[in-house]
Amino acid sequence: MALSRSLTPAHSGQCFLGGRISTLEETRALDRFLAGVERRAFRMAQIATGHDDEALDLVQEAMLKLVERYGTRDEAEWGPLFHRILQSKIRDWYRRTKVRSRWRLWLGRDEDGEEVGDPLAAIADTTTPTADHQLKIKEASSALDAALRTLPLRQQQAFLLRAWEELDVAQTAAAMGCSEGSVKTHYFRAIHTLRTLLGNHWP
Amino acid sequence: MSQDLHQDDREFVGRAKGVLDRAVGEVDHATVLRLQQGRLAALDARARRSSWRPWASGLAIASLAALAVLLWTQPAPPPQHAAVPLDDFELVTSVENVELAEDLEFFHWLADDDQAG
């Protein structure tokens, strides 16, 4: 950006060159932003869906949409916009999965041995223990994941956006597509349910 | 129902945040690579779009300019040009001509007569 600004109109082709540099800077800024949020976004989607592949797809779709639709917006807006897109994708996934589950139930295909079902029922630990010295962290994380998955989706979203992403109430409401009052209620209920589930000695 | 967080709740939120942050560092390498691939694909799509967009808009402007020049320089059509097809249409659809059209032998004779002389 600084280089494009330093070029004077006397330079031949300066507009095109300036445009390219600007685009390159925007692309780099987007890359930095996405690199900073992608793992947390993945974890959010993973907690919501209970499936790594589904979570990766949702995060990639959210990244594509942000870059495509809002890449030219001010950098400060990317965070709330990205979370809005991601939460919307998670809600859509959740609705699709519920409908699919109903159809499976109706068609009597529950005994097919397929493990896909109600995502909230998928409380099983999806992380694979790797190192012994990190076992405690993993156990704490697994317990939190499991507890988060028992929450209704709206409470889960409110908790992760408010407590983890530290979005304010208005930003969380925008990301969740609901009122600020609903965010407060969902967040409050989520904290109390999680505290009950995890107990006083967690982590 | 009071929605202001008590000290206990705030402490719990802090602990939960710490656990979630640490878990991010535990995301496996394969997943990190797939996230990077997804990010690069998104950025690549943007780069490709922005590279063809100036050409596409330039082409669209050039096409519009060419069309405008063509319409501007083209002479106006003769006034009877549009009337000819209507005349033909009337000839074909009038009741007498429909009756005549049924008499194919007459038309064959007429064509032969024209060729003969």
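Just so we're clear, the structure is a prediction, and the values are computed from it rather than from any experiment.

Trainee: Give a detailed account of helix H7 (residues 169-176) of chain A, specifying residues and quantitative values.
Mentor: Residues and elements named next belong to chain A. Along H7, the positions that sit buried rather than exposed are Val 169, Thr 172, Ala 173, Ala 175 and Met 176. The arc that holds every buried residue of H7, seen down its axis, measures 165 degrees, which confines them to one face. Against the buried residues of H7 lie helix H4 (75-107), helix H6 (153-164) and helix H8 (180-198). Immediately downstream of H7, the backbone of Gly 177 shows phi near 70 degrees, a positive value.

Trainee: For the environment of Thr 23 of chain A, give the residues involved together with the corresponding values.
Mentor: All names here are of chain A. Along the chain, Thr 23 falls in helix H2 (residues 14-49). Looking at Thr 23, the relative accessible area reads 26%, which means it is partly exposed. Along the primary structure Thr 23 and Thr 72 are separated by 49 residues, whereas in three dimensions their C-alpha atoms are 9.1 Å apart.

Trainee: Go over the interface of chain A and chain B, please, and point to the residues and values.
Mentor: Contacts between the two partners involve 47 residues from chain A, matched on the other side by 33 residues from chain B. Here chain A meets chain B over a buried area of about 3,800 Å², counting both sides, of which 67% is carbon and sulfur. At the boundary of chain A and chain B, one finds eight salt bridges. A salt bridge links Asp 53 of chain A to Arg 34 of chain B; the nearest nitrogen and oxygen atoms lie 2.9 Å apart. Our enumeration of links across chain A and chain B arrives at seven residue pairs in polar contact (both at pLDDT 80 or more). Elements supplying a minimum of two residues to the side of chain A that touches chain B: H2, helix H3 (52-70), helix H5 (135-150), H6 and H8 of chain A. Ranked by the residues each element gives to the side of chain A that touches chain B, the list is headed by H2 of chain A, at 13 residues. Classifying every residue of the side of chain A that touches chain B by side-chain character gives 25 nonpolar, ten polar and twelve charged.

Trainee: Give me the lowdown on the confidence of the model for chain B, citing residues and values where you can.
Mentor: Residues and elements named next belong to chain B. Residues at a pLDDT of 70 or more form 60% of chain B, whose mean pLDDT is 76. Within chain B, helix H1 (residues 7-24) carries the highest mean pLDDT (92), whereas helix H3 (residues 83-93) carries the lowest (59). In the predicted complex, the global pTM is 0.64; the interface-specific ipTM is 0.72.

Trainee: Requested: an account of the packing of H4 of chain A against H6 of chain A, with residues and values cited.
Mentor: In a packed pair of helices, the relevant descriptors are the angle between the two axes and the axis-to-axis distance. All names here are of chain A. Two numbers describe how H4 lies on H6: the axes approach to 12 Å, and their chain directions differ by 160 degrees. Classified by the angle their axes make, H4 and H6 are roughly antiparallel. At the point where H4 passes H6, the crossing takes the right-handed sense. Along the contact surface, H4 presents His 83, Gln 87, Ile 90, Arg 91 and Tyr 94, while H6 presents Leu 153, Arg 154, Gln 157 and Leu 161. Grouping the constituent residues of the contact of H4 with H6 by class yields four nonpolar, three polar and two charged.

Trainee: Report on the confidence of the model for chain A, specifying residues and quantitative values.
Mentor: Any region with low pLDDT has predicted coordinates that should not be read closely. Residues and elements named next belong to chain A. Mean pLDDT over chain A works out to 81, with 76% of the residues at or above the 70 mark. Mean pLDDT across the elements of chain A bottoms out in helix H1 (residues 2-6) (38) and peaks in H6 (95). Contacts for the low-pLDDT stretch residues 1-17, under 50 throughout, to residues beyond four places or in other chains number nine contacts.

Trainee: Any details on the pattern of salt bridges? Residues and values, ideally.
Mentor: Side chains that differ in sign of charge can pair as their charged atoms come close. Taken as a whole, this structure holds 15 salt bridges over all chains when the rule is applied. Where Glu 38 of chain A meets Arg 39 of chain B, a salt bridge forms, and the shortest distance between an N and an O atom there is 2.8 Å. Remark: Arg 39 of chain B occurs in helix H2 (residues 29-73) and Glu 38 of chain A occurs in helix H2; the pair is interchain, linking two chains. In this structure Arg 39 of chain B comes out as buried when scored by relative accessible area, which is 8%. As a salt-bridge pair, Asp 8 of chain B and Arg 195 of chain A come within 3.9 Å of each other at their nearest N and O atoms. Note that Asp 8 of chain B is positioned in helix H1 and Arg 195 of chain A in helix H8, a pairing that runs across two chains. For Arg 195 of chain A, a relative accessible area of 24% translates into the label partly exposed.

Parameters at a glance
- Residues numbered from 1 in each chain as written.
- Chains lettered and ligands numbered in written order.
- Predicted model: local features only at pLDDT ≥ 70, side-chain atom pairs only at ≥ 80, totals over all residues.
- Heavy atoms only, no water.
- Buried < 20%, exposed > 50% of the residue type's maximum accessible area, 1.4 Å probe, protein only.
- Helix = DSSP H or I, 4+ residues; strand = E, 2+ residues; numbered from the N terminus.
- Arc of directions from axis to C-beta.
- Contact = heavy atoms within 4.5 Å.
- Buried area = accessible area lost by both parts, 1.4 Å probe.
- Salt bridge = Lys/Arg side-chain N within 4 Å of Asp/Glu carboxyl O.
- Polar contact = N/O pair within 3.5 Å; in protein donor to acceptor, adjacent residues only side chain to side chain.
- Nonpolar A, V, L, I, M, F, W, Y, C, P; charged D, E, K, R; others polar.
- pLDDT = per-residue confidence, 0-100.
- Axes fitted to C-alpha atoms, helices over the stretch in contact; angles between N-to-C directions.
- Parallel < 35°, antiparallel > 145°, perpendicular 65-115°, else oblique.
- Left-handed = near helix turned anticlockwise from the far one by under 90°.

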